[in-house]
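Examining the three-dimensional arrangement
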Amino acid sequence: MAAYTTDQRQLLTGSTFAVLKPATTKQVSDIVRLAAHHGIGIVPQGGNTSYCGGATPDASGRQIIVSLERMDRIREIDPVSMSISVDAGVILKNAQDAAAAAGLLLPLSLGAEGSCRIGGNIGTNAGGLSVVRYGMTRDLLLGIEAVLADGTVVSDMRKLRKNNTGYDVKQCFVGSEGTLGIVTGAVLRLAPLPVRRATAWLTLAGGVPLAELLGLVRRESADLLTTFEFMAARSIALATEAMIDPSSLRAGPGGAVLVEFASSSRHLDLDELMEAVLAEAIESGWLEDALLAQSGSQRTAMWRLREAIPEGEKRRNGSVKHDISVPLSSIQRFLDLAGSQVRSFDADLELSVYGHVGDGNLHYNVLVPPDVDRLEFTKWIESSLSLQLYDTAAALGGTFSAEHGVGRFKKHLLERYGDVGRIAAMRRIKTAFDPADIMNAGAVVRPLGEKSAC
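Residues numbered from 1 in each chain as written. Predicted model: local features only at pLDDT ≥ 70, side-chain atom pairs only at ≥ 80, totals over all residues. Heavy atoms only, no water.

1. Section: helix H2 (residues 25-38)
Compared with the 20 Å implied by 1.5 Å per residue over 14 residues, the 20 Å span of H2 between its first and last C-alpha is a close match. Of the residues making up H2, those classed as buried are Thr-25, Val-28, Ser-29, Ile-31, Val-32 and Ala-35. On an axial view of H2, the arc spanned by its buried residues comes to 160°, and they lie on one face. With respect to the buried face of H2, the exposed residues turned more than 90 degrees away are Lys-26, Leu-34 and His-37. Downstream of H2 by one or two residues, Gly-39 has phi in the positive range, about 65°. (Helix = DSSP H or I, 4+ residues; strand = E, 2+ residues; numbered from the N terminus. Expected span 1.5 Å × (residues − 1). Buried < 20%, exposed > 50% of the residue type's maximum accessible area, 1.4 Å probe, protein only. Arc of directions from axis to C-beta.)

In structure tokens, the structure reads:
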């Protein structure tokens, strides 16, 4: 059962006496009722791709894992309502492909899309590569089906864009990481399938104001921007080293940005629009060079390099990950301050900095030196330098978790940086939904006045 009891980054291994794999919502409900009766903890699990240990049981052996992998049915695609209804265990890529076959786009896109599952995407409010235009998972969720901690089934699988009938209960499950119940189904908003794209690789000059560059691109593209991915030179070098067929794409003194426009209209010339936007950026002195993809293979090569960065870090001995989010206006300020903090802490440390700058999200990762124990290094950095970086992000109005969630690894950070009133509200919600604390106990928050039952 090691694949179920160890987290994706292999930083935590828990213990369980059973992995259950229900195939229907009724079976999930039966499992939860039985577990609640016997006081047994439950850890819901989708693709087990959490970066924060949110789908991993603790070491007590008193938690069972409920894997949704067998609940993988596409229930319905409605082209008119532009929605897709799915089981929570559907792999994200399969849902994307089903939507595309119907001539529609499921905008949620992230590196783990070939293995992560819709229920986990909802539980962590997954972000990814297209948030700048389409929003987070929260923004795509129209309806939900979930099993509460007593086995009650919440069934609200409606496709409505407008539904003003009291509390929006489905949103309680977004970002809850399995602590309030088990999501078993979802209705997601779709968009018109893009038929034209324009993709460009921007080589940045030193000192480029990223927020201003983003503002220019977004404004002059009439908000057709779907991607604005920043990559530092070191990140690009790591990705290149990990590729079987190394890319010739390079970074400038300020790094590089992958920009993409997309449109469902066949009447718009996106290449011409991209050329005009890039010409203005070059005139501003922000770019040393820009390459507009002239074919599908060139576009694929650009994306392959961007997506190879995590593998590049892994091959080098891994990294200590910081999923930073700050207001767009503070991106450059954070980069300047954080860079100084790292140099003062240890000038020999290397960084891999990249991310979805279009929505204020930076993956500010400290590389583990070669021949150093990864787990020990991670503990050292997270107990010292990481807190300095999070302090800086918080001072700028940002947060320690943009899209990875809280899970088990970041609970202490929620207590340190979270608003007292907000945490109190979260604990009250937890208490109301799960007073016995059987749902993923030990993750995110505990109910008011309760000790873990597991």
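So, next bit.
2. Describing the sheet that holds strand S2 (residues 41-45)
To summarise the sheet geometry, strands pair through backbone hydrogen bonds and adopt either a parallel or an antiparallel arrangement. The parallel open sheet is built from three strands, whose spatial order is S1-S3-S2. Single-partner strands in this sheet number two, and they are strand S1 (19-20) and S2. Sheet topology places S1 next to strand S3 (residues 63-67); two bridges connect them, and they run parallel. If you follow Val-19 over to S3, its bridge partner there is Ile-65. (Pairing = 2+ DSSP bridges.)

3. Side note on the sheet that holds strand S5 (residues 83-87)
The strand order across the open sheet formed by five strands is S4-S5-S9-S7-S8, and the pairing between neighbours is antiparallel. In this open sheet, the two edge strands, each paired with only one partner strand, are strand S4 (74-78) and strand S8 (153-156). Neighbour-to-neighbour, the strand axes of this sheet turn through a mean angle of 15°, independent of strand direction. Here four bridges tie strand S7 (residues 141-148) to S8, and the two strands are oriented antiparallel to one another. Paired with Glu-145 across the two strands is Ser-155, which belongs to S8. Along the sheet, helix H3 (residues 92-101) contacts S4 and S5; its crossing angle with S4, the most-contacted strand, is approximately 35°. (Axes fitted to C-alpha atoms, helices over the stretch in contact; angles between N-to-C directions. Contact = heavy atoms within 4.5 Å.)

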